[in-house]
Amino acid sequence: MIGTKFLDGQGLGNQLFAYVTARAIAAERGVPFGTAGRDFFANNIHSRRGMYFMELDLGEEISDEAAAEMHCFQDADERLYLGNSVHDLTRGVYISGAAPSIHQVPDNTLLMGNLQAEDYFAHCMDDLRQWLVLRPEADDHTYTADDLCIINLRGGEYAGDPALFLGRRYYLQAMRQMRQHRPDMRFLVITEDEAAARRVLPELEAHHFDMGRDYAVVKNARYLILSNSSFAVLPAMTSDTLRYAIAPKYWARHNVSDGYWASEQNIYSLFHYMDRAGRLFTAEECRAELTVYKQNSRRYALRNIRPRGIALGVEKCKCTSRKSLWWMGRAGWSLLRRAGLTGRQGWK
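In this text, all values refer to a predicted model and were calculated from it rather than measured experimentally.

Caption draft 1: Local environment of unusual backbone geometry. Note the cis peptide between Ala-262 and Ser-263, where omega equals 5°. Mapped onto the fold, Ser-263 is located in the loop between strand 14 (244-248) and strand 15 (272-274). One non-glycine residue, Leu-115, adopts positive backbone phi at about 60°. Considering the arrangement of structural elements, one finds Leu-115 in the loop between strand 8 (109-112) and helix 4 (118-121). Since its relative accessible area comes to 0%, Leu-115 is described here as buried.

Next comes the structure, spelled out in structure tokens:
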């Protein structure tokens, strides 16, 4: 058997990636599939209702005792330690690509870690729509329209991190790109954080229905602007309606990267990736560019090495100044907006 274990506090997107990857590798290896930790599946800070909106075959149930006896495959874990934020300096920026050895794991293995690389389940891409099925009562096409683009904005804990949180500029640039497809394109925000959405894009209608309906609206969009959250990726991949999707280049470090991806696993063939200048790139172009970066970058050569001494002091200064400037900018825009001096503008 090959399986995975759902963890307490793990987001739904991460859990679904673990599920899809483990099931795909089990099929590839010709062995049964199973899951452990089911009490935690689809139970997190956003919802405690469990998986109420999808029909999923979780395979054989693996008890905690049985899971402890299985081999454990830990996904690749490479990091850069940078002064983008306290998190990036202390825990590191996760930059890993796919681990090819996952395709040779033996029977009786539990797959753990990020598990989000397209390579892990590409051979089962046609099966994903059968594996990730919305219940009929949860399927929702209310917002499926030829002239409507869904924006999936991630707030929550992201909103306090200047390296991670995507601001107004990203979404406005993506909206301009979508209007190249339809000049009359309308936009609707789906988010778990309506307050953040109102600050970033106050001119747009924003909703957090519940986790299931949010998933369904994203899945059934014809046009989609993604944030750097895993929540929207698999709905997009299993969509029967999607025509075009834009995602942030460099994914979780769109705001600060000089060429690295956080992580490389989040380059998906389906999406067009937009850089900070508003230019679009295919997944193939992103992968080719990253290959050159990894060959030539001094920063990348220092992966998995924590800075010390003077280098550590420099990175700490970067971290402090970046956070201070970001909060000052947010406070300034808030004052201007309240004074009516910025029209309908939100955060930069």
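Okay, back to it.
Caption draft 2: Highlighting the sheet that holds strand 16 (residues 280-282). In spatial order, the strands read 12-11-10-13-14-15-16; together these seven strands make up an open sheet with mixed pairing. Only two strands of the sheet have a single partner each, and these edge strands are strand 12 (205-207) and strand 16. Sheet twist, expressed as the mean angle between neighbouring strand axes with direction ignored, is 25°. Summarising the sheet, strand 15 and strand 16 pair through three bridges and their orientation is antiparallel.

Caption draft 3: Expanded view of helix 8 (residues 211-219). Most of helix 8 sits inside the fold, with eight of its nine residues counted as buried. Of the residues making up helix 8, those classed as buried are Met-211, Gly-212, Asp-214, Tyr-215, Ala-216, Val-217, Val-218 and Lys-219. Two or three places before Gly-212, at the opening of helix 8, Asp-210 has a side-chain oxygen 2.9 Å from that residue's backbone nitrogen.

Caption draft 4: Region of interest: the nonpolar core. Formed by 105 residues in total, the largest nonpolar core has its most connected members in Leu-132, Ile-150, Ile-225 and Tyr-273. Examining the composition of this core, we find that ten residues originate from one element, helix 1 (residues 12-29), more than from any other. Every residue in contact with Ile-150, bar those within four places of it in the chain, is listed here: Tyr-143, Leu-188, Ile-190, Val-217, Val-218, Ala-221, Tyr-223, Leu-224 and Ile-225. Judged by nonpolar contacts, the second largest core, of seven residues, contains Ala-36, Ile-62, Ala-67 and Leu-110.

Caption draft 5: Molecular detail of the layout of surface pockets. One number sums up the size of the largest pocket: a volume of about 1400 Å³. Forming the walls of the largest pocket are 46 residues, and the residues nearest its centre are Asn-14, Asn-114, Gln-116, Glu-157 and Tyr-158. When contributions to the lining of the largest pocket are tallied by element, the ones reaching two or more residues are helix 1, strand 7 (93-94), strand 10 (148-153), strand 11 (186-191) and helix 8. Examining the composition of the lining of the largest pocket, we find that three residues originate from one element, helix 1, more than from any other. Residues of the lining of the largest pocket, tallied by class, amount to 15 nonpolar, 21 polar and ten charged.

Caption draft 6: The sheet that holds strand 1 (residues 2-5), seen in detail. Across the sheet, five strands lie side by side as 4-2-1-8-5; this open sheet has parallel pairing. Since the sheet does not close on itself, it has two edges, and those belong to strand 4 (60-61) and strand 5 (71-74), each with one partner. The sheet contacts of helix 1 involve strand 1, strand 2 (33-36) and strand 8, and relative to strand 1 the element is tilted by about 170°.

Caption draft 7: How the structure looks around the packing of aromatic side chains. Applying the stated criterion across every chain yields a total of 14 aromatic pairs. Centroid distance Tyr-143 to Phe-209: 5.9 Å. Interplanar angle 25°. Geometry classified as stacked. Remark: Phe-209 occurs in the loop between strand 12 and helix 8 and Tyr-143 occurs in the loop between strand 9 (133-134) and strand 10; sequence separation between them is 66 residues. Looking at Tyr-143, the relative accessible area reads 19%, which means it is buried. When its relative accessible area of 24% is taken as the criterion, Phe-209 is described as partly exposed. Between the aromatic rings of Tyr-293 and Tyr-300, the centroid separation amounts to 6.5 Å while the plane-to-plane angle is 70°, which identifies the pairing as edge-to-face. Each member of the pair, Tyr-293 as well as Tyr-300, carries the same accessibility label: buried. Across the ring face of Phe-209, the terminal group of Arg-213 is positioned such that the distance to the ring centre comes to 4.0 Å. The ring of Phe-281 is capped by Lys-249, whose NZ or CZ atom sits 3.6 Å from the centre of that ring.

Conventions used here
Residues numbered from 1 in each chain as written. Predicted model: local features only at pLDDT ≥ 70, side-chain atom pairs only at ≥ 80, totals over all residues. Heavy atoms only, no water. Helix = DSSP H or I, 4+ residues; strand = E, 2+ residues; numbered from the N terminus. Buried < 20%, exposed > 50% of the residue type's maximum accessible area, 1.4 Å probe, protein only. Pairing = 2+ DSSP bridges. Axes fitted to C-alpha atoms, helices over the stretch in contact; angles between N-to-C directions. Polar contact = N/O pair within 3.5 Å; in protein donor to acceptor, adjacent residues only side chain to side chain. Core = buried A, V, L, I, M, F, W, Y, C linked by side-chain atoms within 4.5 Å. Contact = heavy atoms within 4.5 Å. 1 Å grid on protein atoms, 1.4 Å probe; cavity = no way out; pocket = protein on both sides within 12 Å on 5 of 7 lines; lining within 4 Å. Points joined across faces, edges and corners; volume = space filled by probe spheres on them. Nonpolar A, V, L, I, M, F, W, Y, C, P; charged D, E, K, R; others polar. Phe/Tyr/Trp six-rings, centres within 6.5 Å; stacked < 30°, edge-to-face > 60°. Lys NZ or Arg CZ within 6 Å of the ring centre and 35° of its normal.

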